[in-house]
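# Tertiary structure, described
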Number of protein chains: 2
Amino acid sequence: MDREIVVALDAMGGDYAPVETVKGAVDAVSEQEHMRVILVGKEEAIRDELKKYTYDEKRIDVVNATQVIDMGDVPTKAVREKKDSSLVVAMRLVREKKADAVVSAGSTGAILVGGQLIVGRIKGIKRPALAPFIPSKKGFSLLIDCGANVDARPEHLVQFAQMGTVYFENVMKKKSPTVGIVNIGTEEEKGNQLVKDTYPLLKACKDINFIGSVEAREIPSGGADILVCEAFVGNVILKFFEGVAKTFLSCIKEGLLSSLRTKIGAVMVKPALKGLVKTFDVSSQGGAPLLGLKGLVVKAHGNSKSNEIKIAIGQCIAFQENSINDKLIEMIQDVDE
Amino acid sequence: MDREIVVALDAMGGDYAPVETVKGAVDAVSEQEHMRVILVGKEEAIRDELKKYTYDEKRIDVVNATQVIDMGDVPTKAVREKKDSSLVVAMRLVREKKADAVVSAGSTGAILVGGQLIVGRIKGIKRPALAPFIPSKKGFSLLIDCGANVDARPEHLVQFAQMGTVYFENVMKKKSPTVGIVNIGTEEEKGNQLVKDTYPLLKACKDINFIGSVEAREIPSGGADILVCEAFVGNVILKFFEGVAKTFLSCIKEGLLSSLRTKIGAVMVKPALKGLVKTFDVSSQGGAPLLGLKGLVVKAHGNSKSNEIKIAIGQCIAFQENSINDKLIEMIQDVDE
């Protein structure tokens, strides 16, 4: 039998907390065995929500935290000063090995800062990286880094490629996944200074399957399994994808409802288009792990509803079962030798 | 009567040259009055194509150029050494005032280098910028810079905002268009070093209507009329948009053809979806002008067919009629005073 995994959920993080976070936790333990969730946040509010559901009480705990980090708070200051905030308390549970993972839909900045200050980096990892999966026609690509380190250096990007490879191999069960660097052309001499400096290092790196530059145009068709980029660019890609998908789908919807004729047609094509909507819904792909920390930290989308929270909690199982962190530690030791 | 505008077309540039370039030129002069096109390239090949059509012979000239700049050529070297290439000869026609504008679907790098070396920068303009319109739900946004200057500095981005404002105002006929800087958050302290350094300069700039940061998520819904960004980011956005649109539409098509039921429905919804396809077809928005040069240089998409070439040629009229370059010169003089 698999060991039980314990996930600390920042119950106060996100646009719909604690209503949707609590529901997500209840749904997660209902669907998944061997999992326990610790809801961290204002106990009274959490218990009020919990009352609405029937669930296995042995598998949901509540840990009180009196403060909340707001989206407007300056991350470093908030993590340092709001010591009794739901996020900080949840992260402390991971540091103290009382939980294996923390999931939060709260402030990205605070999660990044807290991850480094409280959970801590794996020795040898220079910078942790935020690595969401994004949908493509072929399945999924891992976009790394997506917002953890703006103005990163070439050696950081190389580590992102290595961490991304370990993560992708184990979670997607694909040997030697392809690694591409996001670039504005496919020729080796193209790019900005960072890409030009990083390219030869990636080419020389033995533990990755580097296939060269990937133009942004090729990303939706599945240009590479792992897309390495600097955080600013990664964040722009992720959010732009979200925006384009949303606008597209709303335009399709408007088009389909524009006349009686299209409305009738819409009923007939709906099942086919529904699959598309699901495939390209970036926000439903669960959370993004912050790779390179001593425990698992998962950032869920700020506007997550219970379903996204449930998926993000569920993701922790694959991470744990595949001992991703042990493998990242092994990887970095091999490199250091 | 308006003065005739003369466009030098790089007849050998692009994936489908000279077949589609020549057809595009013929279509352009058929549709537009007061326009003359000079086809520059291998005369024999061009004349062979021209034979296929009936057109006003007074309005299409051919200027022979024996060389072609290939996509694989190193731009600086190619522009300097291939002095009798179609692109270089076409640009020389602009410098010598024998043409008002040059349109090319050839190598972006060579167009950028040639634009600066042959056509030349407007005095006071630090860097020319590639500025395509991209579709949004509200209409169009101008994305500047989209690939002309990687690793640009804050003062360059401020000039891009100013040039973009003049261009947008005159071509889109909208007073005081909004300017946003593409960023990874909307708070003023967010961003990479370049954005943080540029933000206060844009805020202090009097000739633009700066509205702050625009997250990539807001771009497709029309976050700002003018989107200022560094070339690497702009190029990623442009190409990613193209890729997402292409993948989306091919998935929709597959979905609609997946069963008899959806096929019947597809016939009914087709007109509604066709509008969407047209709206979000990034490549059909004509070419992107390289703003800040002494003459007009328009870069058309490498895979342009005759229709895109025709649109790109047609664009030159609005640029000329609105005396965009005179207004850019005025603008830069006002700033310098």
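Our subject is the structure listed above.
We now turn to the structure provided with this report. Positions within a chain are numbered from 1, following the residues in the order the chain's sequence is written. Lettering of chains starts at A and numbering of ligands starts at 1, both following the order in which they are written. Residue-level local features of this predicted model are given only where pLDDT is at least 70; pairs of side-chain atoms are given and counted only at 80 or more, and the full residue set underlies all totals for whole chains, interfaces and linings. With hydrogens and water set aside, each side-chain value is computed from the structure's full complement of heavy atoms.

Okay, the overall build of chain A next. By the criteria applied, helices consist of DSSP H or I runs no shorter than four residues and strands consist of E runs no shorter than two, each listed in order from the N terminus. Broken down by element type, chain A carries eleven helices and twelve strands. Oriented by its inertia axes, the alpha-carbon framework of chain A measures out at about 65 × 60 × 45 Å. To sort residues, take the accessible area from a 1.4 Å probe on protein chains only and compare it with the maximum for the residue type: under 20% means buried, over 50% means exposed, and anything in between is partly exposed. The 337 residues of chain A split such that 60% are buried. In what follows, residue pairs with any heavy atoms lying within 4.5 Å of each other are defined as contacts. Restricting to contacts in chain A with at least 6 residues of sequence separation, those with at least 24 account for 71%. Where accessible areas are quoted, they stem from the Shrake-Rupley method and a 1.4 Å probe; at the residue level, only the protein chains shown are allowed to cover. By element, 50% of the accessible surface of chain A is carried by carbon and sulfur atoms, the whole surface being about 14,000 Å². When charges are tallied, Lys and Arg are placed among the positive residues and Asp and Glu among the negative ones, while His and the ends of the chain are skipped. Charge positions are represented by NZ for Lys, CZ for Arg, CG for Asp and CD for Glu. Computed over 45 positive and 44 negative side-chain charges, the inter-centroid distance for chain A is 3 Å.

Our next topic: helix H6 (residues 154–172) of chain A. Residue and element names in this part refer to chain A. Between the first and last residue of a helix there are one fewer steps than residues, each counted as 1.5 Å, and that sum is the expected span. Between its terminal C-alpha atoms H6 stretches 26 Å, which fits the 27 Å expected from 19 residues at 1.5 Å a residue. Summarising burial for H6: 15 of the 19 residues are buried, a large majority. Phi turns positive one or two residues past the end of H6, at Lys173, with a value near 55°.

Inspection of the secondary structure assignment puts Ser304 of chain A in the loop between strand S12 (296–299) and helix H10 (306–321). Side-chain polar atoms of Ser304 of chain A contact the backbone oxygen of His301 of chain A, separated by 2.6 Å. We define a polar contact as two N or O atoms separated by no more than 3.5 Å, with the added condition that, inside protein, one atom must be a possible hydrogen donor and the other a possible acceptor, whereas residues neighbouring each other in sequence contribute only through side-chain atom pairs.

We place the copies in one frame by least squares, fitting the C-alpha atoms of every residue whose pLDDT is at least 70 in both. Least-squares fitting of chain B to chain A yields an RMSD of 0.1 Å, with the superposition described by an axial translation of 0.0 Å and a rotation of 180°. What we have between these two chains is a two-fold relation. The C-alpha atom lying nearest the rotation axis in chain B is that of Gly265 of chain B; the distance is 2.0 Å. A shared interface surface links the copies, since 100% of the contact residues of chain B are contact residues in chain A too.

Another aspect to go through is the sheet that holds strand S1 (residues 5–10) of chain B. Residue and element names in this part refer to chain B. Should DSSP find at least two bridges between two strands, the strands are regarded as paired. One open sheet accounts for seven strands, arranged S3-S2-S1-S4-S12-S11-S5; its pairing is mixed. The two strands at the open ends of the sheet, each matched to only one other strand, are strand S3 (60–64) and strand S5 (129–130). Judged from the five bridges that link them, strand S2 (residues 35–41) and S3 form a sheet pairing that is parallel. The residue of S3 that forms the bridge with Ile38 is Asp61. The angle between two axes is taken between their N-to-C directions and runs from 0 to 180 degrees, where each axis is a line fitted to C-alpha atoms and a helix contributes only its stretch in contact. Lying on the sheet, helix H2 (residues 43–50) is in contact with S2 and S3; it crosses S3 at an angle near 155°. Along the sheet, helix H10 (residues 306–321) contacts S1, S2, strand S4 (101–104), strand S11 (288–291) and strand S12 (296–299); its crossing angle with S1, the most-contacted strand, is approximately 145°.

Further remarks concern the pattern of salt bridges. A carboxyl oxygen of Asp or Glu within 4 Å of a side-chain nitrogen of Lys or Arg is what we treat as a salt bridge. Applying the stated criterion to the full structure yields 36 salt bridges over all chains. Measuring nitrogen to oxygen at the nearest pair gives 2.4 Å for the salt bridge that ties Glu215 of chain B to Lys239 of chain A. Taken as a pair, Glu215 of chain B in strand S9 (residues 209–215) and Lys239 of chain A in helix H8 (residues 231–256) lie in two separate chains rather than in one. Close ionic contact of Arg217 of chain B with Glu215 of chain B constitutes a salt bridge, the shortest N to O distance being 3.7 Å. For Glu215 of chain B, a relative accessible area of 10% translates into the label buried. Through salt bridges with shared partners, a single ionic network connects Glu215 and Arg217 of chain A together with Lys239 and Glu242 of chain B.

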